[in-house]
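Working through the structure, step by step
Next come the chains, spelled out residue by residue.
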Amino acid sequence: MSTLHIYNTYSRNMEEFRPLHPSRVGMYVCGPTVYGPPHLGHVRGPVVFDVLRRYLEFSGFAVRHVRNITDVGHLVGDADEGEDKLAKQARLEQIEPMEIAQAYTLSYNEMIRQMNVLPPGIEPRASGHIIEQIEMIQAVMDAGLAYEVNGSVYFDVFAYAKNYDYGKLSGRVLDDLIAGAGNESRELEGQDEKQNPNDFALWKRANPEHIMQWSSPWGKGFPGWHIECSAMARKYLGDVFDIHGGGMDLLFPHHESEIAQSTACTGHNPARYWIHHNMITINGQKMAKSLNNGITVDQLFAGNHPLLEQAYSPMTLRFFILQAHYRSTLDFSNEALSAAEKGLQRLWNAVKVARNLVASESGEYDVQALAKECRVSMDDDLNAPQVIARLFEAARVANLVNDGKMKLTATQITELNALFETWLVQILGIAPEESSDHRALDGVMQMLLDMRVQAKQDKNYALSDSIRDRLTALGFTIKDGKDGSSWSL
RNA sequence: GGUCGGAUGUCCGAGUGGCUAGGAGCUGGUCUGCAAAACCAUUUACAGCGGUUCGAAUCCGCUUCCGACCUCCA
């Protein structure tokens, strides 16, 4: 049997996955900063790491999945010097920062739920772990790798680099960073306080206009950009744990700094496997405010955006994301999304067909071999696109058997159904979408279709066509098969 | 400017030395009162140039183009 191999950004190599403790896996994934509605860029990470978590659990591991909510915010650069994103948004909306965080945490979690992403076991908030962050900062200072200036605390990158490899994760060379070519135009707040431009803040002194601030040994202030993840991961997963995940954009400085902070405290790189997913583009372009192509998830679900020709369902979005490998960029376009929607529909049709297949004495297809291939694909750095290709192969088999063009034994039919259940539903998390009032609607529709059958038997085609046409006008699709009609919306 | 990654057919997107990826679209067929849907089948590739090799989408070099990070970011 094959075993999971995964690309570790830290070593830049494919590695066999072996957890620290047999049968248990600790996984930390960087969650959202909740200062705005969830957009397409927020959705890939949760889905990718949800599939990893599901696959690990399928493989028999107990997974402790921690995904943080950043409700303290990060500093805004440039014009909004030193101001917290959450604080800024709160001021704009004239409410408490926590109201901002709460509102967008709820909408994020609602989006996650619709995408069939399993909730993490622990969802810690940065604001609820100020004490842990202060303690960690103190530990870095005790190690002699941080210094205080005017109520702010900075990490001493130079001192750290004497004993440790700063820049290994992101492939950065400290000397190059020092040269800092092309960055002269940037005027970052607090730069003059730093002993070195590459030092980063662990704690920032709060000015009166900062509406989010806490007491600390260094006076009123708020935590730096990276310390929350280090502190919370350590609290819930220990000094060293298995997986730390996030988007590639977090490689530097966020994860590089996390490694530095944690190493300063514990002497260890906190995570054994660093896993990063690639970014998304929209019509081949980076999603950016200046390009006016930022699509929120709600807009996608409602089809309510100038770039969208129609609405796409949460499962279509999930399926679309998983059709590309997690380390490749993923391009959103109407054509690609609608192709995914139709492909998913084909898959679901086959799942239904597979449930009602008639068994033969002999079989002509090795279903077990196909299931094994799914496993091999997944073990090869989570190659979900290949798993999906094999599911389409399974769909083809189901349809062929249904058409009497291929034979399967009763056992093989069971295996085929299990293959869909395991790989499509359980591991990829693509669950059929059915609304709560589906059952009642189903009854009404069945009644109409029965009437239409009667009309057809009576050769009253005017009536039967009228029923169909009026249902079509309402958005229903009527399919006439050998064994009666079916419908979909 | 520095570092890293990418360029696959009409579109999306797997694939690291020889074996049909897959989906969507197009086309043909089956089914059908008609239509639609569904199903089956089929078609179009490896950015350019050079090199290594019996053999290259895959390895090497050069060229062109694109992107990411270097600053908050998913």
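Scroll up to find the structure this text is about.
Report on the accompanying structure. (Residues numbered from 1 in each chain as written. Chains lettered and ligands numbered in written order. Predicted model: local features only at pLDDT ≥ 70, side-chain atom pairs only at ≥ 80, totals over all residues. Heavy atoms only, no water.)

Next up on the list: the packing of helix α11 (residues 334-355) against helix α13 (residues 384-402). Helix packing for two helices is described by the angle between their axes and how far apart those axes are. Following both chains from N to C, one finds α11 and α13 inclined at 50 degrees, their axes separated by 9 Å at the closest point. The orientation of α11 with respect to α13, classified from their angle, is oblique. Read as a crossing pair, α11 and α13 show a hand that is left-handed. Within the contact between the two elements, α11 uses G343, R346, L347, A350, V353 and A354 and α13 uses L391, F392, A395, A398, N399 and N402. Of the residues in the contact of α11 with α13, the class split is eight nonpolar, three polar and one charged. (Axes fitted to C-alpha atoms, helices over the stretch in contact; angles between N-to-C directions. Helix = DSSP H or I, 4+ residues; strand = E, 2+ residues; numbered from the N terminus. Parallel < 35°, antiparallel > 145°, perpendicular 65-115°, else oblique. Left-handed = near helix turned anticlockwise from the far one by under 90°. Contact = heavy atoms within 4.5 Å. Nonpolar A, V, L, I, M, F, W, Y, C, P; charged D, E, K, R; others polar.)

It is worth spelling out the state of the cysteines at this point. Inspection of every chain in the model, using the stated rule, returns zero disulfides. The thiol of C30 is not disulfide-bonded; the next cysteine sulfur, from C229, is found 3.9 Å away. For C30, a relative accessible area of 15% corresponds to the buried category. (Disulfide = S-S within 2.5 Å. Buried < 20%, exposed > 50% of the residue type's maximum accessible area, 1.4 Å probe, protein only.)

This part is about the sheet that holds strand β14 (residues 285-286). Reading across the sheet, the three strands line up as β14-β13-β15 and stay open at both edges, with mixed pairing between neighbours. In this open sheet, the two edge strands, each paired with only one partner strand, are β14 and β15 (330-332). Sheet topology places strand β13 (residues 280-282) next to β15; three bridges connect them, and they run parallel. Within β15, the residue paired with I282 across the bridge is F332. (Pairing = 2+ DSSP bridges.)

Moving on, we come to the environment of F158. Structurally, F158 can be placed in helix α5 (residues 157-163). For the pair F158 and Q195, spaced 37 residues apart in sequence, the C-alpha to C-alpha distance is 9.3 Å.

Within the structure shown, the criterion is met by 15 salt bridges. One salt bridge connects R113 with E110, and the closest N-O pair in it is separated by 2.9 Å. Of this pair, R113 and E110 both sit in helix α3 (residues 97-114), separated by three residues, roughly a single helical turn. Look at E110 and you get partly exposed, because its relative accessible area is 34%. As a salt-bridge pair, D469 and R468 come within 3.9 Å of each other at their nearest N and O atoms. The class of D469 is partly exposed, set by a relative accessible area of 45%. Here the residues in one salt-bridge network are D50, R54 and R318, joined through shared partners. (Salt bridge = Lys/Arg side-chain N within 4 Å of Asp/Glu carboxyl O.)

What follows covers helix α2 (residues 85-93). Note that an α-helix has 3.6 residues per turn; residues three or four places apart therefore point the same way. The set of residues buried in α2 consists of L86, A87 and A90. Looking straight down α2, one finds its buried side chains confined to an arc of 100 degrees; they lie on one side. (Arc of directions from axis to C-beta.)

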